[in-house]
Amino acid sequence: MANVRSEPLVSVRIASAVNRPRAGWADGLRVHLPASLLDRTGWRRGLRPDGVLEIPDGPSPVTTDDVACVREQRAFTDRRPLSARLPLSYRIVPGRARAIIASAIGRWNRRHVDRWAAFPGWPIDLSTDVLDDLRDGMASPGPRARRAPVVLTHDIDSPEGLSNLVDRFLPLEEAAGARSTSYVVPCAWRLDHGLLGEVIARGHEVGVHGYDHSNTTPFAAADARARRLDGARSFVERYSATGYRAPSLLRTRALLRDVGCRYRYDSSIPTSGGLFPTPNNGCASARPFLVEGTVELPVTLPRDGTLRFLGYGPDDMLGIWIDCAELVARSRGIVVMLTHCEQRFSGHHRALDAYRRFLECLRERSDRFTFSTPGRVLEATTLQAPAGAV
Ligand SMILES: [Zn+2]
């Protein structure tokens, strides 16, 4: 889908779709569907004045292009945020000061959720997956309960993040029987190869988090973008990195095409991005998909930084994560969790304890969740990375 039409969307609540059992998990869920699709399928006849949608009986011409259109509607952040327009790297402002500024923006905006999360909805929106399961001829999922894979990831933006990862996060994950994937900025600070080696030796994985985290790669000219992406090559080879995560989750179609030539997968598109990096961003899906020739593993749970900036405390964050993970499991999606290890994010002892309780909760619900890795998730899909990718 190179050209996705910008479609007016209608917010509806799905009532039982008895003739489409594959979408049974979506009963009562609020989703966003294109207005033109409601007309074309005749579903508008089933839309009640209170916004509840009862899918009428009979065939409906929903195509995979319709599904991709919803998924890609807000999947890219084509406008440069302020941080990418400054003449100097925004990273000269200390991280703590950036966090305070973002918190102020977040708290101010918390009550305007309908503006910055009109679509995808916050904290999670699975419109794409609901529409996919409402297509004609989709087989029933079968009676066998499927356990939702849980992929734990971290963005490692600083030496502090790396040392906290090893000292504080890995022991919690190992105690829960999990292994994580950490996306490391390869060319911004002196990497501690001793610590990175330890991460790998303990069975965890590393991936690549941009070049120097200056938020310019997605918007750079083609040759500069290629140079920045290739700057990570020695890191990729040393640590057998197969995945890419864009700094600040800033991503363009051009970036995704270039990532697809270099990596087995990308994990830069949130299911529902909320306020950051730009309002109303995300793919409204918790399932891996192909876009611009790249296999995308969406970040399905709300990020620690975004929740914190919005003023949520650790207990609230834990509750939101568990609710979202349960919904993702019901939808037959993948739970992909992104946390940062710095003290000002999840490295703080209270936030870290919420993370520990989250892992514990998933471990206890082993009938519904199973800890996994990006590689194992991709092996279980039929999606193919393009030839030439690592
Ligand atoms: Zn980052």
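These numbers come from a predicted model, not from an experiment.

Peer 1: I would appreciate a short explanation of unusual backbone geometry in the present structure.
Peer 2: In terms of backbone geometry, most residues other than glycine have negative phi values and most peptide bonds are trans. Across the junction of Trp122 and Pro123, the peptide omega takes the value 5°, indicating a cis bond. Mapped onto the fold, Pro123 is located in the loop between helix 4 (113-116) and helix 5 (127-133). A positive phi angle, near 55°, is found at Asn280, a position not held by glycine. Relative to the helices and strands, Asn280 resides in the loop between strand 8 (265-266) and strand 9 (289-291). Positive phi values are uncommon outside glycine, yet Arg332 reaches one of about 65°. Tracing the backbone through its elements, the reader meets Arg332 in the loop between helix 12 (314-330) and strand 11 (335-340).

Peer 1: I keep staring at the coordination of the zinc ion and nothing clicks. Help me out?
Peer 2: Coordination of the zinc ion by the protein comes from Asp157 (OD), Asp157 (OD), His209 (NE2) and His213 (NE2), over a distance range of 2.1 to 2.7 Å. Mapped onto the polypeptide sequence, the residues donating to the zinc ion form the spacing pattern D-x51-H-x3-H. Within this pair, whereas Asp157 is found in the loop between strand 4 (148-156) and helix 6 (159-175), its partner His213 is found in the loop between strand 6 (205-208) and helix 8 (222-230), the two being separated by 56 residues in sequence. For the pair formed by Asp157 and His213, the shared burial category is buried.

Peer 1: Would you mind showing me how to read the layout of surface pockets here?
Peer 2: A water-sized probe, rolled over the atoms, reveals where empty space remains. Counted as a void, the second largest pocket has a volume near 980 Å³. Residue lining of the second largest pocket: 36 residues in total, with Arg22, Arg146, Arg287, Pro288 and Arg332 positioned closest to the centre. At the level of secondary structure, the elements contributing two or more residues to the lining of the second largest pocket comprise helix 2 (64-72), helix 5, strand 9, helix 12 and helix 14 (374-379). Across the lining of the second largest pocket, the residue classes break down as 14 nonpolar, eight polar and 14 charged.

Peer 1: In this structure, what is going on with the nonpolar core? I would like to understand it.
Peer 2: The nonpolar side chains of a soluble globular protein tend to be buried with one another. Ranked by size, the top nonpolar core spans 100 residues in total, and within it Trp43 and Phe358 carry the most contacts. Here this core takes 10 residues from helix 12, the largest share from any one element. Not counting residues up to four positions away in its chain, the partners in contact with Phe358 are Leu301, Leu318, Trp321, Ile322, Ala325 and Met337. In terms of nonpolar packing, the next biggest core, distinct from the first, is built from nine residues, Ile334, Val336, Val377 and Leu378 among them.

Thresholds, definitions, all that
Residues numbered from 1 in each chain as written. Predicted model: local features only at pLDDT ≥ 70, side-chain atom pairs only at ≥ 80, totals over all residues. Heavy atoms only, no water. Helix = DSSP H or I, 4+ residues; strand = E, 2+ residues; numbered from the N terminus. Donors = N, O, S within 2.8 Å, 3.2 Å for Na, K, Ca; no water. Buried < 20%, exposed > 50% of the residue type's maximum accessible area, 1.4 Å probe, protein only. 1 Å grid on protein atoms, 1.4 Å probe; cavity = no way out; pocket = protein on both sides within 12 Å on 5 of 7 lines; lining within 4 Å. Points joined across faces, edges and corners; volume = space filled by probe spheres on them. Nonpolar A, V, L, I, M, F, W, Y, C, P; charged D, E, K, R; others polar. Core = buried A, V, L, I, M, F, W, Y, C linked by side-chain atoms within 4.5 Å. Contact = heavy atoms within 4.5 Å.

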